[in-house]
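Observations on the three-dimensional arrangement
Spelled out, the chains give:
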Amino acid sequence: MQPESSPGKTARSRPQTPIMGWSSWNNFHVNINEDIIKAQADHMVSSGMQAAGYTYINIDDGFFGGRDAAGNLLAHPVRFPGGMKALSDYIHAKGLLAGIYSDAGINTCASYWDKDTVGVGMGLRGHEAQDMRRLLQEWNYDFIKVDWCGGDWLGLDEQTQYTLIGNLIRQIRPDVVYNVCRWKFPGQWVVPLADSWRVSGDIDNTFASVMHIVDLNADLWKYASPGHVNDMDMLQVGRGMSYEEDKTHFSMWCMLSSPLLLGNDLRSMTPETIGILTNKELIALNQDRLVYQARRLYDNGDLEVWAKPLQSTMSGEVAVALLNRSAKAAAITFRPDSVGLDAAKGYTLRDLWEKKAYGTSTKKEVGFNVPAHGVVVLKLVGTSKPYNVFQYK
């Protein structure tokens, strides 16, 4: 099976909802090879992740093997002896999409931070058009993450360099998903340019790191829209946090319309991890066509209420997350009127983790007990209030 973007086929449209897939960096850093990548693709299919919507297999830093006499990028001969085109063919044959990595400067991040010196000279600077043709046309990758270590070291202007790169991507392969990895929100200029942009430094597999990124993204909701989203970095579900913390992590990435890129080793997932990552009702919040990033509407220290409208701001469908950041279980209450619904006209409520539906209610206040470091995610369906909180900024 070949992707629709292969030569001779009509170009695929870029996704309008956050992409879902897997990335190599969190679990492997530069210690990747073609066998590992093929195994992740295999398990993406066999584990049911592909059926749940996960599509991209993204290869991060670590595949570079120098340049030939003409300056063309080469694959690492030991790690990727079959070459990068054969690997993208393998991924595409499974009905998946393939992602690749570069840097806006001369050297890649891993050339310094991971002492992977083969990354020296592998960045885009001075080879922008040549490398993009190599990565996106000749090797046929469908997603590209462009890092900023090399650009930072050179003191480049980020808007100028990322715009140059973005324009080349659109000229060479209009269907390719472009991720700007600047480690903070770059500014409004990035919104029409890129499909997604990182809003933080690299995530760690701790609850504190997850909450830190949630806070960094909280006020950036106005920049999310179909085809353009804030990237909260790769998921750490299944990489050492507790069950409740993993659920909270996944829930907030879904609520805040972040790309869902798995960062674990798919070969060793537990049924518990698979259960979290394939919760269809949570994924539906992330993939909602409105792409309205959830807003923090109530903040009482460690107890918070987040909400986002679904389908449209007047649909009467609202997702609500009750977030308990504290180390103790706590009750969290909210008013349906405060999340855009007219409670007096009645509403239904469903707990998306417990998969429990509640009957029609007109209660003015709703409350749930929320575990420590936990979350309760609800879907309410009722009648929207005119000029509700989601229709003004």
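Residues numbered from 1 in each chain as written. Predicted model: local features only at pLDDT ≥ 70, side-chain atom pairs only at ≥ 80, totals over all residues. Heavy atoms only, no water.

The next thing to look at is the overall build of the chain. Looking only at helices and strands, one finds 12 helices and 18 strands in the chain. Against the compact-globule benchmark of 21 Å for 393 residues, the chain has a radius of gyration of 21 Å, which places it among compact chains. Expressed as lengths along the three principal axes of its C-alpha atoms, the size of the chain is roughly 75 × 40 × 40 Å. For the chain, restricting intrachain contacts to residue pairs at least 6 apart in sequence, the fraction spanning at least 24 positions comes to 70%. A total accessible area of about 15,200 Å² is found for the chain, and carbon and sulfur atoms account for 50% of it. Charge centroids of the chain, computed over 39 positive and 43 negative side chains, lie 5 Å from each other. (Helix = DSSP H or I, 4+ residues; strand = E, 2+ residues; numbered from the N terminus. Rg over C-alpha atoms; globule rule 2.2 N^0.38 Å. Contact = heavy atoms within 4.5 Å. Areas by Shrake-Rupley, 256 points an atom, 1.4 Å probe, with all protein chains shown as cover. Lys, Arg positive; Asp, Glu negative; His and termini not counted. Charge placed at Lys NZ, Arg CZ, Asp CG, Glu CD.)

Another point: the side chain of Ser 384. Among the secondary structure elements, Ser 384 is positioned in the segment after strand E18 (375–381). Assessed through its relative accessible area of 13%, Ser 384 is described here as buried. At 3.5 Å, the side chain of Ser 384 and the backbone oxygen of Met 314 are in polar contact. A distance of 2.9 Å separates a polar side-chain atom of Ser 384 from the backbone nitrogen of Gly 316. (Buried < 20%, exposed > 50% of the residue type's maximum accessible area, 1.4 Å probe, protein only. Polar contact = N/O pair within 3.5 Å; in protein donor to acceptor, adjacent residues only side chain to side chain.)

One can describe the packing of helix H9 (residues 207–217) onto helix H10 (residues 243–255) by two numbers: an axis separation of 10 Å at closest approach and a directional angle of 15 degrees. With respect to H10, the axis of H9 lies roughly parallel. Our pair here, H9 against H10, has a crossing hand that is left-handed. In this structure, H9 contributes Phe 207, Val 210, Met 211, Ile 213 and Val 214 to the contact, and H10 contributes Glu 245, Thr 248, His 249, Met 252 and Trp 253. (Axes fitted to C-alpha atoms, helices over the stretch in contact; angles between N-to-C directions. Parallel < 35°, antiparallel > 145°, perpendicular 65-115°, else oblique. Left-handed = near helix turned anticlockwise from the far one by under 90°.)

Attention now moves to the pairing of strand E15 (residues 347–351). Side chains of E15 alternate between two faces, with Tyr 347, Leu 349 and Asp 351 buried and Thr 348 and Arg 350 left unburied. Two elements, E15 and strand E16 (residues 356–361), share 4 bridges in a ladder whose sense is antiparallel. For Tyr 347, the partnering residue across the bridge sits in E16 and is Ser 361. Connecting E15 to the next strand, E16, in antiparallel fashion are 4 residues, including Lys 355 with a positive phi near 55 degrees. (Pairing = 2+ DSSP bridges.)

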